[in-house]
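Reading the structure
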Amino acid sequence: MRVAWLNKVVLLEYRCKGVLIMYNTGADLTFGMGMHSKGSRQLVGRRILFISDMDMVMGMTVAGLFGSKPPILVTGGSGLLGRQVAAALAASGAEVAAPSHAAYDLSDDEAVHAMLAFYRPACIINCAAIRSPEICEADDARTRRLNVMLPQRLAAAGVPLLHLSTDYVFDGRCAPYETDARRCPLNAYGRQKAEAEAALEGLAHVVILRVPVLFGPTEDLAASAVTVLAQRLCAAKGHAVLIDDWAVRYPTFTPDVAQQILALVPGIGSRFQGIYHYSGEEPMTKFLMAMTLAPLCGCRPEQCRPDTRPPRVLRPYDCHLSVRRLRQSGCYVPPTPFRVALGQIFS
């Protein structure tokens, strides 16, 4: 199987009995050879099935198409982390399904049920979330459906589940935090993720992986609280930009998280259970991050001006996650240094 992203659209390709089966979130149902009208992708000489109606593929489920090898389902598969996770799994030889939000509204019970019935996954990696504290504070009811209810629906499927959580389940006053530290969130986002954890952590088939602020390869710099700093600096056209110099963060590279998930997947529910932490190990404020990335995106570090005021929406001061338990597990993936990772993104 190959996973690709063309024009920000998730494209999944499956080969089955000589037929290339492709799911494109913007596609019409088409079977045959030639040009895909919406994707402008030349497919001469190849038998193609474009799938836009995810309820049926020639009357079969994905598991039916693959026989005895159902896929690993990556929810949030078109997001910043989900893309990397799907690509890492596919590169390892696994069968992967990574539908975008346009295919299934994961905040809707019926859509989630349809997705699980269609894919019949062997394992689920839940990368879907609404991460903005401001959005969660403004619309708690809507964001809870994705941050709290979705993980419980996925866990109810009964297959191994790796659920991504956050350092924001802590208040930032007693870092570093071990995996068994008491949850004490400060804002709606943290409360929602803490509630989801509480519902899942006693389940033997579930692993919860907490991560801090993420950054990684992306076409949209605004997709990460780290790379959006480059966007802000470039948009300022040489003028000064006020950047948070209060909260201490631990920026973590999404390809590293994907490799760590890859290492955990085979043991979910057996060798690995409960809560683990994965994190970069370099403490930085956003101001220091911006100073580091400014030259890489053609800007001057002197544009960055420190803002030492606490944030308007409550955020923890320092939520450093201890990776002790993950190191002791024997499958720890060392993080890429921040400068090196930025170099890969902005090269």
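Rules and cut-offs
- Residues numbered from 1 in each chain as written.
- Predicted model: local features only at pLDDT ≥ 70, side-chain atom pairs only at ≥ 80, totals over all residues.
- Heavy atoms only, no water.
- Helix = DSSP H or I, 4+ residues; strand = E, 2+ residues; numbered from the N terminus.
- Buried < 20%, exposed > 50% of the residue type's maximum accessible area, 1.4 Å probe, protein only.
- Contact = heavy atoms within 4.5 Å.
- Areas by Shrake-Rupley, 256 points an atom, 1.4 Å probe, with all protein chains shown as cover.
- Salt bridge = Lys/Arg side-chain N within 4 Å of Asp/Glu carboxyl O.
- Phe/Tyr/Trp six-rings, centres within 6.5 Å; stacked < 30°, edge-to-face > 60°.
- Axes fitted to C-alpha atoms, helices over the stretch in contact; angles between N-to-C directions.
- Parallel < 35°, antiparallel > 145°, perpendicular 65-115°, else oblique.
- Left-handed = near helix turned anticlockwise from the far one by under 90°.
- Nonpolar A, V, L, I, M, F, W, Y, C, P; charged D, E, K, R; others polar.

Each helix and strand in the protein was counted, giving 11 helices and 15 strands. Relative to its full complement of 347 residues, the protein shows a buried share of 52%. Pairs at least 24 residues apart make up 73% of the contacts formed inside the protein by residues separated by at least 6 positions. When the accessible surface of the protein is summed, it comes to about 15200 Å², and 53% of that surface belongs to carbon and sulfur atoms.

Moving on, we get to the pattern of salt bridges. Inspection of the entire model under this criterion finds 12 salt bridges. For the salt bridge of arginine 142 with aspartate 139, the shortest nitrogen-to-oxygen distance reads 3.1 Å. Residue class for arginine 142 comes out partly exposed when judged on its relative accessible area of 37%. Here aspartate 171 and arginine 173 are joined by a salt bridge, their closest N and O atoms 3.2 Å apart.

Tallying each qualifying case throughout the model produces nine aromatic pairs. Summarising the aromatic geometry, the rings of tyrosine 104 and tyrosine 119 are spaced 6.3 Å apart at their centres and angled 65° between planes, so their arrangement reads as edge-to-face. One end of the pair, tyrosine 104, is in the loop between strand S7 (96-97) and helix H3 (109-119); the other, tyrosine 119, is in helix H3, and 15 residues separate them in sequence. Exposure remark for tyrosine 104: the relative accessible area of 4% places this residue in the buried category.

So, on to helix H9 (residues 286-293). When we look at burial in H9, the residues that qualify are Phe287, Met289, Ala290, Thr292 and Leu293. Contacts made by the buried residues of H9 are with helix H7 (228-235), strand S12 (241-244), strand S15 (304-307) and helix H11 (338-346).

This part takes up the packing of helix H5 (residues 140-155) against helix H6 (residues 188-200). The contact between H5 and H6 brings their axes to 9 Å, and the two run at 20°. Taken together, the axes of H5 and H6 are roughly parallel relative to one another. The two elements H5 and H6 meet at a crossing, and its hand is right-handed. Between H5 and H6, the contacting residues are Asp140, Thr143, Arg144, Asn147, Val148, Pro151, Gln152 and Ala155 on the first element and Ala188, Tyr189, Gln192, Lys193, Glu195, Ala196, Ala199 and Leu200 on the second. Its residues assigned to classes, the contact of H5 with H6 comprises eight nonpolar, four polar and four charged.

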